[in-house]
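# An overview of the molecular structure
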Amino acid sequence: MASPLGEMLLAIDAQQAVRALDFAGHEGHMQRALGQQYGQVELTEAAAPPFIEEALTRYFAGEWEAIDALPIATRGTPLQEQVWTALRRIPVGTTTSYGKLAKALGFDDPRAAIDVGAANGANPIAIVVPCHRVIASDGGLKGYAWGLHRKSWLLEHEKALMPRQAVPQTGTLPGF
């Protein structure tokens, strides 16, 4: 599927639940994620189901809630599943930190943010499971499996991050 962020790769199951959503050029990432979750998988090239393509098209057109009802199916560790479920509850237009997400999940130890971050980074479903909405406590974007330029774009698109303003370039004219 085409998107403003590049060609997207989608893996669905027989029930048309999203198992993975990735970007062209990241096929290895997708294969690793699916392999870790399901073992040996066989992918078949086909067009995306119209309801999924339509939901993503609407999301990219600014109807952010269009992806909320897309069915997903994941298989991770209990912590990964807990984090991935929580990610879908982060409202559009907002962000949270790894530490705040860990606290919201009931972890008191500040070091739990590291484990939450690792689970967040193992998310196999870009955009629909919005791991891009989790940032560092200092406001930094930190990592994103699909590239920080995509994370920044998604947060700007969702109005959670203001577009970077071009810094005016000044110079000194001769004689002044």
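First, a word on what this report is: a plain description of the structure on this page.

Cut-offs used in this document
- Within any chain, residue numbers begin from 1 and follow the written order of that chain's sequence.
- Where local features are concerned, this predicted model is filtered to residues with pLDDT of at least 70; where side-chain atom pairs are given and counted, the filter is 80 or more; whole-chain, interface and lining totals use all residues.
- The basis for every side-chain value is the complete set of heavy atoms in the structure, and neither hydrogens nor water enter the calculation.
- The working definition used for a salt bridge is a side-chain nitrogen of Lys or Arg within 4 Å of a carboxyl oxygen of Asp or Glu.
- Secondary structure elements are taken from DSSP: a helix is a run of H or I of four residues or more, a strand is a run of E of two residues or more, and numbering for both begins at the N terminus.
- The buried label goes to any residue with under 20% of its type's maximum accessible area, the exposed label to any with over 50%, and the partly exposed label to all in between, with areas taken from a 1.4 Å probe on protein chains only.
- When two rings of Phe, Tyr or Trp (its six-membered ring) have centres within 6.5 Å they constitute a pair, described as stacked for plane angles under 30 degrees, edge-to-face for angles over 60, and tilted for the intermediate range.
- The directions from the helix axis to the C-beta atoms form the arc being described.
- In what follows, a contact means two residues having at least one pair of non-hydrogen atoms within 4.5 Å.
- Residues belong to a common nonpolar core when they are buried Ala, Val, Leu, Ile, Met, Phe, Trp, Tyr or Cys residues joined through side-chain atoms within 4.5 Å.
- Two strands make a pair as long as DSSP finds a minimum of two bridges between them.
- Think of each axis as a best-fit line through the C-alpha atoms, taken over the contacting stretch in the case of a helix, with angles from 0 to 180 degrees between the N-to-C directions.
- For this classification, under 35 degrees means roughly parallel, over 145 means roughly antiparallel, 65 to 115 means roughly perpendicular, and everything else is oblique.
- Under the grouping applied here, Gly and all other residues not named as nonpolar or charged are polar, the nonpolar ones being Ala, Val, Leu, Ile, Met, Phe, Trp, Tyr, Cys and Pro and the charged ones Asp, Glu, Lys and Arg.
- The span you would expect from a helix comes to 1.5 Å times its residue count less one.

### Let's talk about the pattern of salt bridges
This model, assessed by the stated rule, comprises five salt bridges. With its nearest N and O atoms 4.0 Å apart, the salt bridge here joins E54 to R58. Here E54 pairs with R58, and both are found in helix α2 (residues 50–60), just four residues apart, close to one helical turn. With its nearest N and O atoms 2.8 Å apart, the salt bridge here joins R111 to D109. Taking the relative accessible area as the measure of exposure, R111 reaches 61% and is therefore exposed. Through salt bridges with shared partners, a single network forms among E54, R58 and E63.

### Section: the packing of aromatic side chains
Per the stated rule, a full pass over the model turns up three aromatic pairs. Each ring, one from Y59 and one from F60, has its centre 5.2 Å from the other, and the planes form 75°; the classification is edge-to-face. The two residues Y59 and F60 agree in class, both being buried. With a centroid separation of 5.9 Å and 55° between ring planes, the pair formed by F60 and W153 is classed as tilted. Linking F60 in helix α2 with W153 in helix α6 (residues 148–157), this pair joins segments that are 93 residues apart in sequence.

### Looking at helix α5 (residues 112–121)
One turn of an α-helix holds 3.6 residues; hence residues three or four places apart share an orientation. The set of residues buried in α5 consists of A112, A113, V116, A119 and N120. Down the axis of α5, the sector holding all buried residues measures 120°, keeping them to one side. Exposed residues lying more than 90 degrees from the buried face of α5 are I114 and A118. In the core, the buried residues of α5 are packed alongside α3 (78–87), α4 (98–104) and β4 (134–135).

### Topic: the nonpolar core
The biggest cluster of nonpolar side chains holds 37 residues, and the ones touching the most others in it are V83, L87, L101 and I127. At the level of secondary structure, the elements contributing two or more residues to this core comprise β2 (18–23), α2, α3, α4 and α5. With five residues, the top contributor of residues to this core is α2. With sequence-adjacent residues up to four places away left out, V83 is seen in contact with L101, L105, V116, A119 and N120.

### Let's talk about the pairing of strand β1 (residues 8–12)
Summarising the sheet, β1 and β2 pair through five bridges and their orientation is antiparallel. Bridge pairing in β2 places I12 opposite V18. Once β1 ends, the chain turns through five residues before running back antiparallel as β2, passing Q16 with a positive phi of about 65°.

### Observations regarding the packing of α3 against α5
Put simply, α3 and α5 touch, their axes get as near as 9 Å, and they point 75° apart. Between α3 and α5, the angle is such that the two are roughly perpendicular. For the pair α3 and α5, contact is made by L79, Q80, V83, W84 and L87 and by D115, V116, A119 and N120, respectively. Residue classes in the contact of α3 with α5 are distributed as six nonpolar, two polar and one charged.

### Section: helix α1 (residues 27–38)
The end-to-end C-alpha separation of α1 is 16 Å, in line with the 16 Å expected for 12 residues at 1.5 Å each. Within α1, the full set of buried residues consists of H29, M30, A33, L34, Q37 and Y38. Take α1 and look down its axis: the buried residues cluster within an arc of 130°, on one side only. Pointing more than 90 degrees away from the buried face of α1 are the exposed residues R32 and Q36. In this fold, the buried residues of α1 make contact with β1, β2 and α3. One or two steps after α1, the chain reaches G39, where phi turns positive at roughly 80°.

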